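Structural features, examined
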Amino acid sequence: MVHLGPKAPAHRKGTFTDVPDVLLAELKSLETQFTVSPDKLREIVAHFINELEKGLSVAGGNIPMIPGWVMDCPTGKEKGDYLAIDLGGTNLRVVLVRLGGNRDFDTTQSKYPLPGYMRTATSEQLWDFIADCLKKFVEEVYPEGCDSELPLGFTFSYPASQNKINEGVLQRWTKGWDINDVEGHDVVPMLQKAIKKVGVPIDVVALINDTTGTLVASMYTDPETIMGLIFGTGVNGAYYEIVKDIPKLQGKLSDDIAPDSPMAINCEYGAFDNELVVLPRTKYDVQIDLESPKPGQQSFEKMNSGYYLGEILRLVLLELAEEKQLIFKGQDLTKLHQAYIMDTSFPARIEEDPFENLSEVYDVFMEVLSIETTVPERKVIRRVCELIGERSARLSVCGIAAICKKRGYTKGHCAADGSVYNKYPDFKVRAAKALRDIFQWKDDEEDPITIVAAEDGSGVGAAVISALTEKRLKQGKSVGLAV
Ligand code: BGC
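Let me sum up the structure you'll find in this document. (Residues numbered from 1 in each chain as written. Predicted model: local features only at pLDDT ≥ 70, side-chain atom pairs only at ≥ 80, totals over all residues. Heavy atoms only, no water.)

1. A closer look at the site of the ligand
Test applied: When we say a residue is near a molecule or strand, we mean one of its heavy atoms is within 4 Å of it. Here a polar contact is recorded for every N or O atom pair within 3.5 Å, except that within protein the pair must consist of a potential hydrogen donor and a potential acceptor, and residues adjacent in sequence are included only if both atoms are side-chain atoms. Here the Shrake-Rupley method, with its probe set to 1.4 Å, supplies the accessible areas, and only the displayed protein chains count as covering residues. Each helix is a run of DSSP H or I of at least 4 residues and each strand a run of E of at least 2, with the numbering of both proceeding from the N terminus. Polarity classes work like this: nonpolar for Ala, Val, Leu, Ile, Met, Phe, Trp, Tyr, Cys and Pro, charged for Asp, Glu, Lys and Arg, and polar for all others, with Gly in that last group.
Close contacts around the ligand come from 15 residues, with Thr174, Asn209, Asp210, Glu268 and Glu301 the closest. Asparagine 236 places a polar side-chain atom, nitrogen or oxygen, 3.0 Å from an oxygen atom of the ligand. Between the ligand and glutamate 268 there is a distance of 2.5 Å, counted from an oxygen atom to a side-chain nitrogen or oxygen. A total of 310 Å² of accessible area belongs to the ligand in isolation, and the protein chains cover 98% of it. Of all the elements in the fold, those that place two or more residues in the shell around the ligand are α5 (210–221) and β10 (235–242). For the shell around the ligand, the residue count by class is four nonpolar, seven polar and four charged.

2. What about the pairing of β10?
Two faces, one strand: in a regular strand the side chains alternate between the faces of the sheet. To keep things clear, this is the line we draw: Burial classification: accessible surface area is computed with a 1.4 Å probe over protein chains only, and a residue below 20% of its type maximum counts as buried, one above 50% as exposed, and the rest as partly exposed. Note: two strands are recorded as paired if DSSP finds a minimum of 2 bridges between them.
Of all the eight residues making up β10, eight are buried; the element is thus mostly covered by neighbouring parts of the structure. Residues of β10 alternate between two faces, with Val235, Gly237, Tyr239 and Glu241 on one and Asn236, Ala238, Tyr240 and Ile242 on the opposite face, all of them buried. Two elements, strand β9 (residues 225–231) and β10, share four bridges in a ladder whose sense is antiparallel. Paired with phenylalanine 231 across the bridge in β10 is valine 235. Where β9 folds back on β10, the antiparallel hairpin that results is connected by three residues. By the bridge criterion, five bridges tie β10 to strand β11 (residues 262–266) in an arrangement that is antiparallel. Across the sheet, the residue bridging to glutamate 241 is methionine 263, located in β11.

What follows is the structure in structure tokens.
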């Protein structure tokens, strides 16, 4: 008998008595492979703390720990109009943010779907596309034209090194992007050049990682915020480090940056444990990595981010169907053979099916894969989704716990955004439970560290960071390395 977790929602309960023994045995083995015990979580967190520290050291490590040059915490009093753009996985979002100065704001925004070819387009096509969208947006919101140059915060959610706030040298594409001639280059002048070509008065004042934006936006409205997190197509976190605790910056800063000044760090911890010391990888994770455009990179992200959850499911099902001949007998598996045919909404829909006979699962499989499923098969599929979803949530909080332990945070709000956090069923409950497993809070104690829904990082966050940057520049303070 396969047991569901004690906190599984009522609709998940069900018996597996109609599932053949051989299939049950496979399921049992999958449970073992995908379950991350509290002890394992704590082991991962201990290694995570080392890697965070290594990333800040002169020698460096797997986790880049990129200083984001946001050296002030928002007070909530920041004011003014700012443009912000966010290059996401499927859309380009352009936002006009009006910061009210009283922890309040107003936004006007448009979304422009990225054409399908964009992930592998040429660099010029990418920047031209963004500049065209900006032009359209500015013409809409300022029909009479604008009388001064508009400051823009560019949220670029990829690992980009920054020697100053308005710079971002792309280290490597993640999340399936693969555009030539961008890696190793500063993306800000490329964007600025394309903007100049279309003739709109915009100045790119800051390049921001989505996690840093999330951190700052949430702090603008909630002073108890201690970090910004994204659980979406990719995974990552940002927090404020103290300058004197960042060895790799020592001797490289201007005098106006005090040793006890805060510095936002974009951890880029999707790259955690690329050396594979502690991550409990299954053979499916190994295969995903090998077949990805960047083997050996983003090892942590590949196990828990939204880009990969559907693909992990596909590989498990393919093995059960083809190699083991235990499900989908006599059916055409052509579509199941197509890599990345199932995005994360697929396991999410399966987990959400409220019907006893899992009729939604039946529909999903017919729609997406043209495969007919039996009730026992659907029970097994759902359980596999639960295992993948639960593992994702449990691994996801390891970064949170590591940052808290490193900085000595014993309470506070971890502001989270991203499709997995917002939409994947039970992610929040599972993540909260995993944090409890790590910290071992007393049963009668309320969670002192909680994951809360973030404010809009790539809109409001980018605007607040632009405002903080303008203020520093006006005060003659530095926003980058001393030259
Ligand atoms: C990127 C990060 C980003 C995260 C969440 C990762 O793949 O490397 O820069 O913050 O995804 O979007």
